[in-house]
Structure formats: structure tokens, C-alpha cells
Amino acid sequence: MSWVTKTLNSTLGRKLIMALTGLFLILFLVVHLAGNLQLLANDGGRLFNMYAESMATNPLIRVVSIFNFVFIALHVAYSVALTRHNKAARPVGYAVSDASANSSWASRNMGLLGTILLIFLLVHLRGFWYEFKFGALPTATYEEGTFKDVYSIVSAAYSNIIYVVFYVVSMGFLAFHLSHGFASAFQTLGLNHKKYSPLIKNVGIGFSILIPLLFALIPVVMFIQGS
């Protein structure tokens, strides 16, 4: 076994992979949100459909998308590995434990939060990404040309109150997941200092509130507009 394999399979190596993939996915959330906010342009889906088409045909974006799926898989796999390792290292709980006094609820339940978000992601991908790639979508014609009408399936999904509630609740879980994961990633990379750590923590809290809130706002607004 090479030193690279040994490092990646060590506890530190697994945490490093978790941190790096997590930061990439955090960046992806920002980019994805910027695109999704075009759903609120109130133009019948023109901007969003053009955006979706450009994302699907741009070679660079397609490569980044592949990396995104790979990093999601790595993030999930290493999360499971770390959880199992931690349980194996401490098979018997302490006689007296007050975990809430030493850590946040999110940090103690990252596995649960990650599982819920994975379920959301699979449902989300099946409803939108799969339909865009393999579904028989209608088309919409504008001055710029004819595009797949992705907006129509998004609008239909967000007209369903059950899906809207599911989406909003999932964003709540995402907020908890990010509230711990953001600062934890920087700490794992050794970027913690008494001068900068409070700033990173506060930025992480702000990020974990703002990004999920804006994501959740999209289906809520579209549902209200369509009612």
C-alpha cells in the first residue's frame, strides 16, 4: 500500500477529503443558486431556459458537473467511513455524557443531516436533472432561438404544495449541515487562529442561513405566483 493510499485511508486523510469536497460543494451551491434565482425573473422562463441550455452545452461546465458528482460521492463515502470509524473507536458510551454542553446539535448529527440531504438530492436530480437529460421536454422559442423548456417542469413541481414543503424543510436541514460543516472544513485544513476563527465561524453562520433561505424562497415565491 503506497503512502498516498495510507494517507487517504487514515482518519486525518478522510477528514481532509471531507473538507476539500465540502468546500467545493459549498462553492457549487453559490453558483447553482445564482442560476436558480433566474427562475424569479418573471419572464416566462426565458432567462432560466437559456441558462439551462448554456450549462448543458458548455464543455467546461460539463467537466465541472462530472467533478461535482464525483465529489458528492466522495463526500458521502468518506462521511460513512468516518462515522463507522468513530463508532468502532468508542463502542461503549461514557457513563456520564453531556454532549450538548460540548458541541452543537448539528455537529452531533451530521450523519443524519447528510442522509436527509442525500435523499433530497436524489429526489431533486430525478425530478429535474434526469428529465432535462432524458425526458421528452417541450420547447420554448425566443428571439435567441429554441430551447428546452426546463422552466415548465420546475414550475409544475413548485405548484405542488407537498414538494414545496419538502424542499423548504430540506433547506432547513441544509442550513444545520452548513452551520457546522463550513467552519469545520477550515479547521480541518489547519486554517484556525484565535484572530480569524471567530470571523470564519460568523461567516459560516451567515452563509448557512442566507444560502438555504434564498434556495427555499424560490419554490415559495413560484408557488404563490402560480396560485
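Residues numbered from 1 in each chain as written. Predicted model: local features only at pLDDT ≥ 70, side-chain atom pairs only at ≥ 80, totals over all residues. Heavy atoms only, no water.

**Q** I'm lost on the pairing of strand 1 (residues 139–142) in this one. Help?
**A** For a regular strand, side-chain orientation follows a simple rule: the groups alternate between the two sheet faces. Side chains Ala140 and Tyr142 of strand 1 all project onto a buried face; the interleaved residues Thr139 and Thr141 project onto a face where none is buried. Sheet topology places strand 1 next to strand 2 (residues 145–148); 4 bridges connect them, and they run antiparallel. Counted as the bridge partner of Ala140 is Phe147 from strand 2. Once strand 1 ends, the chain turns through 2 residues before running back antiparallel as strand 2. (Buried < 20%, exposed > 50% of the residue type's maximum accessible area, 1.4 Å probe, protein only. Helix = DSSP H or I, 4+ residues; strand = E, 2+ residues; numbered from the N terminus. Pairing = 2+ DSSP bridges.)

**Q** Where do I start with the nonpolar core in this structure?
**A** One recurring pattern in soluble globular proteins: nonpolar side chains tend to sit buried together. Counting residues in each nonpolar core, the largest one holds 32 residues, and the members touching the most others are Leu39, Val150, Val154 and Tyr158. When residues of this core are traced back to their parent elements, those giving at least two are helix 2 (11–36), helix 3 (46–57), helix 7 (110–134), helix 8 (150–157), helix 9 (161–188) and helix 10 (197–226). Once you skip the residues sitting within four places of it in the chain, Val154 turns out to touch Leu39, Phe48, Phe128 and Met222. (Core = buried A, V, L, I, M, F, W, Y, C linked by side-chain atoms within 4.5 Å. Contact = heavy atoms within 4.5 Å.)

**Q** Looking at this structure, I do not really get helix 7. What am I missing?
**A** Three or four residues apart is the spacing at which side chains of an α-helix point the same way, because the helix has 3.6 residues per turn. The largest bend along helix 7 measures about 40 degrees and falls at Leu125. Packing partners of the buried residues in helix 7 comprise helix 2, helix 3, helix 6 (105–108), strand 2, helix 8 and helix 9. (Bend = angle between axes of the 7 residues up to and from the residue.)

**Q** Help me understand the pattern of salt bridges, please; the structure alone is not making it clear to me.
**A** Any two side chains of opposite charge can pair if their charged atoms end up close together. For the structure shown, the criterion picks out 2 salt bridges. The residue Glu144 makes a salt bridge to Arg46 at a minimum N-O spacing of 2.5 Å. A residue pair is termed long-range when its members are at least 10 positions apart, and Glu144 in the loop between strand 1 and strand 2 and Arg46 in helix 3 qualify at 98 residues. For Arg46, a relative accessible area of 29% corresponds to the partly exposed category. With a shortest N-O distance of 3.0 Å, Glu131 and Arg126 are connected by a salt bridge. (Salt bridge = Lys/Arg side-chain N within 4 Å of Asp/Glu carboxyl O.)

**Q** What should I look at first to understand the packing of helix 3 against helix 8 in this one?
**A** The angle between the axes and the distance between the axes are what describe a pair of packed helices. Axis separation between helix 3 and helix 8 bottoms out at 8 Å; the angle between their running directions is 115 degrees. On the side of helix 3, the interface is formed by Phe48, Asn49 and Ala52, while helix 8 contributes Val150, Tyr151 and Val154. Within the contact of helix 3 with helix 8, the residues separate by chemical class into 5 nonpolar, 1 polar and no charged. (Axes fitted to C-alpha atoms, helices over the stretch in contact; angles between N-to-C directions. Nonpolar A, V, L, I, M, F, W, Y, C, P; charged D, E, K, R; others polar.)

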